[in-house]
Each structure stands twice: as C-alpha cells, then as structure tokens.
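Take a look at the letters that make up each chain.
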Amino acid sequence: MLKDMSLEELWELFPISLSPHNPEWEEWADNEIRSLSTLLAHYAPTINHIGSTAVSGIMAKPIVDILVEISGDSNWVEMKNILEKSGYICMSESVKRMSFNKGYTPAGYDDKVFHIHIHATGDNDEICLRDFLRQNPSIAKEYETLKLGLLPKYRNNRDGYTEAKSDFINKVIASAQRYDSD
C-alpha cells in the first residue's frame, strides 16, 4: 500500500518532527545492527549507527539511521530480496546504493523507525559527519538550530528538508576532512 502512495501522500502521513535526544536510540540501533549482522552475515557487512540520533545532545528526527557497507561486487539483488522478505521496504536503489525503511505503517510511524542505507564499502561521508558532530558540540548545536529553523517550511517535504541542509552538511564534512588530513 505505501508503495502506491504519491510522495505528497507519504509526506503527509509521515511528517518530519524533531525530538530531544533519546538515549534509547543507541539501544535500538545496537539491536537493529545485531539483527542486520545476522541477516546479512554472508556479505560480511560493516554496520554503523549514523545520523543525528547517533549524536547525543541534539534534537533529531526519531528515526534511527544505520549505514551498512558491503563489497561493491556483492549480489545486490539477492540482498534486496533478503531485506524485503524480512520486512524492510526498499525506497531507492542505484548501482552501488540502496535505501530501506522499517517502521512505516499505513497508519503512520511505528514505535521504532529505521532508515537503512546500503552502500559499497568506503562510499560514505556519514561516519565522518557523525564523528565530527560528536567531537564538536557547538557545531552539532548549529546543525540542530538549522534543522529547527527548517522544520516549519519542510515538515511535509522530506526532499526539500534534506536539500536545505545539504550546504551546511557539505561544509561540515569538508571541515572534518581538512581536520583529519592535518
């Protein structure tokens, strides 16, 4: 049913909201990572909790983002089938990336919601961003302030919300990479 809905209908059913940091998000991520590690053991994945729920002290969408890195020459079709049979909804796919959701129901969000990002190993900036925000609380707070400012305009437009954050995120990643190379 969710697959048949337009983006506008999905955004209305699943609006963006921000919540104070919830320490349970780490436990939810750990449990989901264990489950994914077992489910995808054949692919020897590297799995990390990413996104704002992985950064304590800032508000975040109450959606736990998890990055799963696998070899680029893995059987991506087979992996997609495994995840879909296990209740994940494939939201997008390209040559070396897939995105899955879990916790979206026809009535709205479930109690626990996850975005699973499948990337070829090394194809990510998310860990760099997470680590830099963790190490720089003042920049993490700037990010929180940006998100809070964007929320009224983009509550029902996830793509617009993501795009509006991209300049800030790109600057933070560039700073983090410069910092790492020093």
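Quantities reported herein were computed from a predicted structural model and do not represent experimental measurements.

Further remarks concern the packing of aromatic side chains. Within this structure, the stated rule accounts for 4 aromatic pairs. Ring geometry for F14 versus Y104: centroids 4.6 Å apart, planes at 65°, classification edge-to-face. Of this pair, F14 sits in the loop between α1 (7-13) and α2 (24-39) while Y104 sits in strand β4 (residues 97-105); the two residues are 90 residues apart in sequence, bridging distant segments of the chain. Each member of the pair, F14 as well as Y104, is classed as buried.

For the rest of this paragraph, the subject is the sheet that holds strand β1 (residues 46-50). Strand order in the open sheet formed by 5 strands is β1-β2-β5-β4-β3, with mixed pairing between adjacent strands. Edge positions in the sheet fall to β1 and β3 (89-93), since each has one partner strand and no second. Going from strand to strand, the sheet's axes swing by 20° on average, the running direction of each strand aside. Helix-sheet contacts for helix α4 (residues 126-135) involve β1, β2 (64-70) and β5 (108-120), and the interaxial angle to β1 is about 45°.

Further remarks concern unusual backbone geometry. With phi around 50°, A44 is a residue other than glycine that occupies positive phi space. Of note, A44 is situated in the loop between α2 and β1.

The rules behind each value
- Residues numbered from 1 in each chain as written.
- Predicted model: local features only at pLDDT ≥ 70, side-chain atom pairs only at ≥ 80, totals over all residues.
- Heavy atoms only, no water.
- Phe/Tyr/Trp six-rings, centres within 6.5 Å; stacked < 30°, edge-to-face > 60°.
- Helix = DSSP H or I, 4+ residues; strand = E, 2+ residues; numbered from the N terminus.
- Buried < 20%, exposed > 50% of the residue type's maximum accessible area, 1.4 Å probe, protein only.
- Pairing = 2+ DSSP bridges.
- Axes fitted to C-alpha atoms, helices over the stretch in contact; angles between N-to-C directions.
- Contact = heavy atoms within 4.5 Å.

By themselves, these figures tell us nothing about what the structure is for.
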